[in-house]
Amino acid sequence: MSRFAQDRRVIFFEEPLPGETASLEVRQDAKSEVTIVTPKLPDGLSHERRNAELTRLLTGLLAERGVERPIVWYYTPMMLEFSRPVAETAAAVVYDCMDELSNFKFAPDSLKQLERDLVGLADVVFTGGYSLYEAKRGWHANIHPFPSSVDKAHFAQARSMSTAQDPADQAALPHPRFGFYGVIDERMDLDLLAKLADAHPEWSIVMVGPVVKIDPADLPKRANIHYLGGKTYAELPFYLGGWDVAMAPFAINESTRFISPTKTPEYLCGGKPVVSTAIVDVKRHYGELEAVRVADTHAEFIIECESALALGLSSTTSWRQAVDEALADLSWDTTYARMATLVEEAAVRKSQTAAKAAANPVVAGPAVHSAGRRSHYDVLIVGAGFAGSVIAERLAVGSNKRVLLIDRRPHVAGNAFDVHDEAGVLIHQYGPHIFHTNSDEIVRYLSRFTGWRTYEHRVLASVDGKLVPIPINRTTLNVLYGLNLTTDEEAANFLAARAEPTAQIRTSEDVVVAAVGRELYEKFFRGYTRKQWGVDPSELDRSVTSRVPTRTNTDDRYFGDSFQAMPKLGFTHMFGNMLDHKNITIQTETEFAEVKDDVLYDQLVFSGPVDEFFDHRFGPLPYRSLKFEHRTLDQEQFQQVAVVNYPHPDTPYTRISEYKHLTGQKHPKTSISYEYPSAVGDPYYPIPNAEAQALYKRYEALALARQDVTFVGRLATYRYYNMDQVVGQALATYRKILEVGDRAVSSRDVTEAARA
Ligand code: FAD
Ligand code: UDP
């Protein structure tokens, strides 16, 4: 919540406490922007009265703070009892299901029904771990697992703690120390604690945490068990730092079946070996680590404690390295970013559905027709892909223009759109997009909106029953022909002996045959290109296959650019940051034709197909399309690399992509897509050949004559551009818009000055 509070107002509505009158205690969290509100209620109210008072207090608070349609986030279904009116009109309802609460001690009977109601109202559901996710995934179409993350810097303090920092109530306890922190309740295996203490009277068992719901008298009392009570989050690393082994001695029963204890990664971050009872999510996520010992029985638990102690005291460091590798990807920032995207997507979908239901037959989106007046924007931008979004951002931020950005699709990011599929795997809906560029300017610009994950793209081609690198390199030749070429020169000679040099390289066939000869051309290029483009390479401009180099070394990267990386949290997230500005109004699922007569605007930027803009006056421009077959598989990995190409003409698809390679996501499942080229469907590729170019030239002439419209992007300028090229084109176009604007202003100034 403290992370959400950096981007939004966060009000945390706590469980009520007793008070003289029904009232709210409001305070600001000391360390974040979160506002914490604790309702106070007098004793003796009936259940109905309590709920009525809470509804009044909550709605009053929201009204007073001017909150009209909040995102309502539930950690417990019990709060739905009084907050239902707010949830029913919310911008989005999030149910963050942290535990199977109905299995907890004293769970009220109404909990299950309230949870069903909440799931019905929720727009997105999160579960605090995989076991819970597996148990609940049938509940909701938009449900996502979020196992605990860890505040690394905080808990890492335990690693470098000095003896002097050992907290006062722990300092005198003899080593070895076996510690636990957390709530001590019915989930604790008290019998196990007693046995552990008895088995090793020389060990200190340190129990940090409040005793809740169970009678303190029931806790085992031994000279070597020390109950130190609840401590603050800030103090925990210092208790942890003073232990030799950290423990999770949970009872294995209904109340612990779905828990995903945050303390496990925290303990590891603090550099301690961990001994746990057989909690499913501990075993699943950390069970492979030498440092995490999972015991099925009490006797085993004691033995594992002995081994963990020996491991912690030994001089070997390999277990710590393995721990650090396992923790490398965990961060609350990443969890936050993924959750924030899912919540935002849910809110956008909900507002679109509401707008549709409001059934204005003319315009789909909500903003345009407010109060029946035609809204005015400085600029209307058609298409929210790279071209439209970069221009929108520049105009809004760089020139303080009010922009309406529309897209016919239900999302921004154009073809680069990525999204978590039903299994929670981040996929690219329109096929694999890898960012690569040689332009520092473009990297600098996009880095304002995203961090990067270094990623070098590698592709294998399935040829003659073998998987070999493409672009063709020395390894490809060695594997394919059973050779042992060891130098660039040997590989160059091998290729030169087959290459068929041509006086003039005109077509995509010429490019390849002149470099590698006809046999390799046929194996790798002819079938693939015919499938991909629907024409023979001899009918395509040389620029198409020239995109793929031939190498004589063993460099197997698909691209040679100086910068190759993926936006850290995905393309859609990057677009979200780019477009998050008060001057930008976004309307998805909106056709240009629908709004062009209903919105007032001074300038138009168009990034859709140029022939469509001019009503196909000279006939349609040819585009190549693709059909994607997305699949999720119940296995962690499907293929060795992100993309495997299938050039053979008998295979109906061109390539299979596995997205986790691109995104680095860790997930027990994997999602892949098959690409089937198609003549019909969304326009994806302008076709680079002379005939299509000649037709485009006629449209281009019309476009150039339109001073009031700027055409930008892959479809509007009919160019087979990569993402970085589109960004470069859009930045240059923005500069041109500025120049024209400046000229217009200065000539008007001159005229006015002359008049005066
Ligand atoms: P788009 O992303 O196509 O955006 C145009 C938007 O305009 C669309 O969202 C469309 O819905 C909207 N629109 C069009 N007409 C209208 C209308 N009349 N009304 C409302 N909305 C409209 N590039 C790379 O750099 N690396 C890669 O690895 C890579 N892989 C690719 C893989 C595939 C399968 C494809 C198809 C492309 C790939 N690209 C890649 C290219 C990349 O997708 C494009 O360079 C980039 O997306 C172009 O951005 P754009 O804004 O010009 O167009
Ligand atoms: N190509 C091919 N075989 C391959 C890879 C590429 O024939 O294994 C050809 C094909 O014509 C393709 C072109 O090279 O369209 C450019 O490939 P690239 O990967 O750059 O295309 P993209 O998918 O990025 O548009």
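Here, residues in each chain are numbered from 1, in the same order as that chain's written sequence. Going through the entries in the order they are written, you letter the chains from A and number the ligands from 1. It should be noted that, the model being predicted, local features are given only for residues of pLDDT at least 70 and side-chain atom pairs only at 80 or more, the latter also being counted only at that level, while totals for whole chains, interfaces and linings use all residues. Excluded from the side-chain calculation are hydrogens and water; included are all heavy atoms of the structure.

Let us look at the site of ligand 2. Only a single heavy atom is needed: when it lies within 4 Å of a molecule or strand, its residue is near that molecule or strand. Neighbouring residues of ligand 2: 15 residues in total, closest Trp 533, Arg 547, Tyr 558, Asn 645 and Tyr 720. In the model, a nitrogen atom of ligand 2 is placed 2.9 Å from a nitrogen or oxygen of the Phe 524 main chain. Throughout this description, a polar contact denotes any pair of N or O atoms lying within 3.5 Å of each other; where both atoms belong to protein, one of them has to be capable of donating a hydrogen while the other can accept it, and for residues adjacent in sequence the pair is counted only when both atoms sit in side chains. With respect to ligand 2, the side chain of Trp 533 contributes an N or O atom lying 2.8 Å from an oxygen atom. Protein coverage of the free-state accessible area of ligand 2, which is 520 Å², stands at 93%. Of the residues forming the shell around ligand 2, the biggest block, 6 residues, is contributed by helix α20 (residues 518-533). The Shrake-Rupley method, run with a 1.4 Å probe, gives the accessible areas here. Residue values count only the displayed protein chains as cover. Starting at the N terminus, helices and strands are each numbered in turn, a helix being any DSSP run of H or I of at least four residues and a strand any DSSP run of E of at least two.

The 5 strands are arranged β24-β16-β15-β25-β31 in an open sheet whose pairing can be described as parallel. On the outer flanks of this sheet lie β24 (584-587) and β31 (709-711), each paired with one strand and no other. Here the average twist between neighbouring strands, direction ignored, is 20°. Residues are treated as being in contact if the distance between any of their heavy atoms lies within 4.5 Å. Only C-alpha atoms enter the line fits that serve as axes; for helices the fit covers just the stretch in contact. Angles between N-to-C directions range over 0 to 180 degrees. Strands in contact with helix α15 (residues 386-399) are β15 (376-382), β16 (403-406), β24 and β25 (600-606); relative to β16, the strand with the most contacts, it is inclined by about 170°. Strand pairing follows a simple DSSP-based rule, namely that at least 2 bridges must link the two strands.

Right, let's talk about the side chain of Asp 407 for a bit. Checked against the element boundaries, Asp 407 lands in the loop between β16 and β17 (418-420). With a 1.4 Å probe rolled over the protein chains alone, any residue whose accessible area is under 20% of its type maximum counts as buried; one over 50% counts as exposed, and the rest are partly exposed. Charged-residue counts in this description rest on Lys and Arg as positive and Asp and Glu as negative, His and the chain ends being excluded. By salt bridge we mean one thing: a side-chain nitrogen of Lys or Arg within 4 Å of a carboxyl oxygen of Asp or Glu. We note that Asp 407 is buried and unpaired, the nearest opposite charge coming from Arg 409 at a distance of 5.1 Å. Each residue touching Asp 407, except ones within four places of it in the same chain, is listed here: Gly 383, Ala 384, Gly 385, Gln 587, Thr 588, Glu 589 and Thr 590.

The subject of this paragraph is the site of ligand 1. Surveying the vicinity of ligand 1 reveals 33 residues, the closest of which are Asp 407, His 433, Ile 434, Tyr 721 and Met 723. With respect to ligand 1, the side chain of Asp 407 contributes an N or O atom lying 2.6 Å from an oxygen atom. One of the backbone nitrogen or oxygen atoms of Ile 434 is found 2.8 Å away from an oxygen atom of ligand 1. In this classification, the charged set is Asp, Glu, Lys and Arg, the nonpolar set is Ala, Val, Leu, Ile, Met, Phe, Trp, Tyr, Cys and Pro, and all remaining amino acids, among them Gly, are polar. Partitioned by chemical class, the residues of the shell around ligand 1 number 15 nonpolar, 11 polar and 7 charged.

Among soluble globular proteins, nonpolar side chains are generally buried collectively. Counting 106 residues, the largest nonpolar core has Ile 381, Phe 386, Leu 446, Phe 524 and Phe 711 as the members making the most contacts within it. When residues no more than four places from it in sequence are discounted, the contact partners of Phe 386 are Ala 416, Leu 446, Phe 571, Met 574, Phe 575, Met 723, Val 726 and Val 727. By size, the runner-up hydrophobic cluster in this structure holds 55 residues, among which are Leu 173, Leu 193, Val 208 and Tyr 267. Here the nonpolar core consists of buried residues drawn from Ala, Val, Leu, Ile, Met, Phe, Trp, Tyr and Cys, with membership extended through side-chain atoms lying within 4.5 Å.

On to the packing of aromatic side chains. Here a pair means two rings of Phe, Tyr or Trp (six-membered ring of Trp) with centres within 6.5 Å. Their orientation is stacked below 30 degrees between planes, edge-to-face above 60, and tilted elsewhere. Evaluated as defined, the whole model comprises 40 aromatic pairs. Measuring from centroid to centroid gives 5.1 Å for Phe 613 and Phe 711, while their planes differ by 90°, and the two rings are edge-to-face. Of this pair, Phe 613 sits in helix α23 (residues 610-613) while Phe 711 sits in strand β31, placing them 98 residues apart in sequence. By the burial criterion, Phe 613 is buried, and Phe 711 matches it. Put simply, a charge is over a ring when the Lys NZ or the Arg CZ is close to the ring centre, within 6 Å, and near the line of the ring normal, within 35 degrees. Over the face of the ring belonging to Tyr 430 we find Arg 409, whose NZ or CZ atom lies 4.0 Å from the ring centre. The residue whose ring lies beneath Arg 547 is Tyr 720, and the NZ or CZ to ring-centre distance is 4.0 Å.

A few words on helix α18 (residues 488-498). Where α18 is concerned, the buried positions are Ala 491, Phe 494 and Leu 495. Seen from one end, α18 has its buried residues packed into an arc of 90°, which puts them on one side. Exposed residues lying more than 90 degrees from the buried face of α18 are Glu 489, Ala 496 and Ala 497. Directions are taken from the helix axis to each C-beta atom, and the arc is the one they span.

By secondary structure assignment, the location of Asp 536 is in the loop between α20 and β23 (563-567). In this structure Asp 536 comes out as buried when scored by relative accessible area, which is 13%. Considered as a pair, Asp 536 and Thr 507 are 29 residues apart in the sequence and their alpha carbons are 9.8 Å apart. For Asp 536, the contacting residues outside a window of four places in its chain are Glu 509, Tyr 521, Arg 526 and Arg 530. One polar contact links Asp 536 to Arg 530, side chain to side chain, over a distance of 2.7 Å.

Pairing is parallel in the open sheet, where 6 strands are placed in the order β11-β10-β9-β12-β13-β14. Each end of this open sheet is capped by a strand with a single partner; those strands are β11 (225-229) and β14 (292-295). Averaged over all adjacent pairs, the angle separating strand axes in this sheet is 25°, with direction ignored. Bridge count between strand β9 (residues 177-181) and strand β10 (residues 204-208): 5 bridges; the pairing is parallel. Within β10, the residue paired with Arg 177 across the bridge is Ser 204. The strands that helix α8 (residues 190-199) touches are β10, β11, β12 (245-248) and β13 (274-277); relative to β10, the one it contacts most, it runs at about 150°. Helix α12 (residues 298-313) rests against β9, β12, β13 and β14 of the sheet, and its axis sits at about 170° to β14.

So, about empty space enclosed by the protein. Buriedness of a pocket was judged along seven lines, with at least five required to meet protein on both sides within 12 Å; pockets are open sets of points on a 1 Å grid over the protein atoms alone, cavities are sets where a 1.4 Å probe fits but cannot get out, and lining residues have an atom within 4 Å of a point. Grid points are joined across faces, edges and corners, and a volume is the space filled by probe spheres set on the points. All told, the structure shown has 2 cavities of 30 Å³ or more when counted by the stated rule. Computed from the structure, the largest cavity encloses a volume of approximately 60 Å³. Surrounding the largest cavity, Pro 147, Ser 148, Ser 260, Pro 261, Thr 264, Pro 265, Asp 281, Val 282, His 285 and Tyr 286 form its lining. Looking at the lining of the largest cavity, the elements that each hand over two or more residues are α10 (263-269) and α11 (280-286). Here the element with the most residues in the lining of the largest cavity is α11; it accounts for 4 residues. Broken down by class, the residue content of the lining of the largest cavity amounts to 5 nonpolar, 4 polar and 1 charged. There is about 50 Å³ of room inside the second largest cavity. The residue makeup of the lining of the second largest cavity, split by class, is 4 nonpolar, 1 polar and 3 charged.

The amide bond that connects His 175 to the next residue, Pro 176, takes the cis arrangement and shows omega of -5°. Of note, Pro 176 is situated in the loop between α7 (168-171) and β9. That bond from Ile 470 to Pro 471 is cis: its omega, -5°, falls within 30 degrees of zero. For Lys 213, which is not glycine, the phi dihedral falls at a positive 70°. In this fold, Lys 213 is placed in the loop between β10 and β11. Unusually for a residue other than glycine, Asp 615 sits at a positive phi of about 50°. Relative to the helices and strands, Asp 615 resides in the loop between α23 and β26 (623-633).

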